[in-house]
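Here is what each chain is made of, one letter per residue.
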Amino acid sequence: MIVPSHSPEEVVREALRDLPAMWNKMKAPMARLERSMRKDKSLRRQPHLFEYRSHAGNNWLVAVLPTKKVLNIAPFVWYRGADGYYRAARIVHDGVCYHISHHVLEQYAARFNRTGDGLSRLKEFVRENMSFGTEYNLDGNEVRVGIPHGYLIGTWLVPHQVAQLITFVDHGKLHADQLEQMD
């Protein structure tokens, strides 16, 4: 179970242990979504969000973006830190996992959603920004992630396995050369 005092690396490690149980639990909702998508074509390209609390006590948000041929799925585990702020981690089996700090969520909320509680803002962030396009600085420790609403900047905690995302910059604050990089 993820506890508030866990480091981002420990959060990712715990979530990876819990990942098979989450995938098993999501089989039925994904099958229902696929069936309903065959009947109602308007569900395509419309993001969906499923919530799940595992037996281990971890809270999951599973973002799904259906397309004509495939379901794009992005699982996020969320928790509250020792300071009471929400944090999340995008979990990828055999890939790069991203830990999202509360500062990223605060900056996102200040720009896009000032109302509601922290959990509803987190859900909106996950639903709207489930697609991560990543650039790595091979010589340094920097990680840059492009999302539909902006740009996330962070550092490696475990090189090419776990990245800590620490700040959010929306498209309106990017320079012309940075916008080119985003495209």
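Everything numeric in this text was worked out from a predicted model, so none of it was measured. Every chain is numbered independently, its residues counted from 1 as its sequence is written. The model is predicted, so local features are restricted to residues of pLDDT at least 70 and side-chain atom pairs to those at 80 or more, both for listing and for counting; the totals for chains, interfaces and linings are taken over all residues. Excluded from the side-chain calculation are hydrogens and water; included are all heavy atoms of the structure.

1. Section: the nonpolar core
For step 1, the next point in the chain: Residue types Ala, Val, Leu, Ile, Met, Phe, Trp, Tyr and Cys, when buried and joined through side-chain atoms within 4.5 Å, form a set referred to as a nonpolar core. Burial classes follow relative accessibility: with a 1.4 Å probe on protein chains only, a residue under 20% of its type's maximum area counts as buried, one over 50% as exposed, and anything between as partly exposed. With 28 residues, the main nonpolar core has Leu-122, Phe-125, Phe-132, Leu-152 and Leu-165 as its most contacted residues.
For step 2, the next point in the chain: Numbering of helices and strands starts at the N terminus; helices are DSSP runs of H or I of at least 4 residues and strands are runs of E of at least 2. No other element matches helix H3 (residues 118–128), which puts 4 residues into this core.
For step 3, the next point in the chain: Contacts are residue-level and defined by heavy atoms, with any inter-residue pair within 4.5 Å sufficient. Among all residues touching Phe-132, those that are not within four sequence positions of it are Phe-76, Arg-90, Tyr-98, Ile-100, Val-145, Gly-146, Ile-147, Leu-152 and Leu-165.
For step 4, the next point in the chain: One finds Leu-19, Leu-33, Trp-60 and Ala-89 within the second-largest nonpolar core, a separate group that totals 22 residues.

2. What about the packing of aromatic side chains?
For step 1, the next point in the chain: Here the aromatic set is Phe, Tyr and Trp, taking the six-membered ring for Trp, and pairing holds for ring centres within 6.5 Å; pairs whose planes are under 30 degrees apart are stacked, those over 60 apart are edge-to-face, and all others are tilted. Summed over the entire model, instances satisfying the criterion amount to 7 aromatic pairs.
For step 2, the next point in the chain: Judged by centre distance (4.9 Å) and plane angle (35 degrees), the rings of Tyr-108 and Phe-112 are tilted. A residue pair is termed a helical-turn pair when its members lie 3 or 4 positions apart in one helix, as Tyr-108 and Phe-112 do in helix H2 (residues 102–112) at 4 residues.
For step 3, the next point in the chain: On the numbers, 4.9 Å between centres and 80 degrees between planes, the contact of Tyr-108 with Phe-125 is edge-to-face. Within this pair, whereas Tyr-108 is found in helix H2, its partner Phe-125 is found in helix H3, the two being separated by 17 residues in sequence. In this pair, the class of Tyr-108 matches that of Phe-125, namely buried.
For step 4, the next point in the chain: Taken together, the ring pairs connect Tyr-108, Phe-112, Phe-125 and Phe-168 into an aromatic cluster.
For step 5, the next point in the chain: Two conditions define a charge located above a ring, namely a distance within 6 Å from the ring centre to NZ of Lys or CZ of Arg, and an angle within 35 degrees of the ring normal. Between Arg-90 and the ring centre of Phe-132, over which it is positioned, the NZ or CZ distance is 4.8 Å.

3. Notes on the pattern of salt bridges
For step 1, the next point in the chain: Basic side-chain nitrogens of Lys or Arg form a salt bridge, by our definition, when they fall within 4 Å of a carboxyl oxygen of Asp or Glu. Per the stated rule, a full pass over the model turns up 4 salt bridges.
For step 2, the next point in the chain: Taking the shortest distance from any N to any O, the salt bridge between Arg-87 and Asp-83 comes out at 2.9 Å.
For step 3, the next point in the chain: Judged by its relative accessible area of 15%, Arg-87 is buried.
For step 4, the next point in the chain: Among the ionic pairs, Arg-111 bridges to Asp-170, the shortest N-O distance being 3.3 Å. A residue pair is termed long-range when its members are at least 10 positions apart, and Arg-111 in helix H2 and Asp-170 in strand S9 (residues 162–170) qualify at 59 residues.
For step 5, the next point in the chain: Residue classification places Arg-111 among the partly exposed positions, given a relative accessible area of 45%.

4. Overview of H2
In an α-helix, one turn spans 3.6 residues, which is why side chains three or four residues apart end up on the same side.
For step 1, the next point in the chain: Residues Val-104, Leu-105, Tyr-108 and Ala-109 constitute the buried set of H2. Buried positions in H2, seen along its axis, are confined to an arc of 130 degrees and lie on one side of it.
For step 2, the next point in the chain: In this structure, the buried residues of H2 make contact with strand S4 (86–90), strand S5 (97–100), H3, strand S8 (150–158) and S9. This arc is taken over the directions from the axis of the helix to the C-beta atoms.

5. Regarding the pairing of S8
For step 1, the next point in the chain: Pairing between two strands is assigned when DSSP locates at least 2 bridges connecting them. Relative to S8, strand S7 (residues 142–147) runs antiparallel, the two being bridged by 6 bridges. In the sheet register, Gly-146 faces S8, and the bridge partner there is Tyr-151.
For step 2, the next point in the chain: Here S8 runs beside S9; their pairing, made up of 8 bridges, is antiparallel. Note on S9: the bridge partner recorded for Tyr-151 is Val-169.
For step 3, the next point in the chain: Linking S8 to S9, which pair antiparallel, is a turn of 3 residues; within it His-160 sits at a positive phi near 60 degrees.

6. Some points on the environment of Pro-148
For step 1, the next point in the chain: You can see Pro-148 is positioned in the loop between S7 and S8.
For step 2, the next point in the chain: Using a relative accessible area of 45% as the deciding quantity, one classes Pro-148 as partly exposed.

7. Observations concerning the pairing of strand S1 (residues 48–53)
Consecutive side chains of a regular strand alternate in pointing toward one face of the sheet and then the other.
For step 1, the next point in the chain: Taken together, the 6 bridges between S1 and strand S2 (residues 59–66) define a ladder with antiparallel strand orientation. When the bridges of S2 are listed, His-48 appears paired with Val-64.
For step 2, the next point in the chain: Linking S1 to S2, which pair antiparallel, is a turn of 5 residues; within it Gly-57 sits at a positive phi near 95 degrees.

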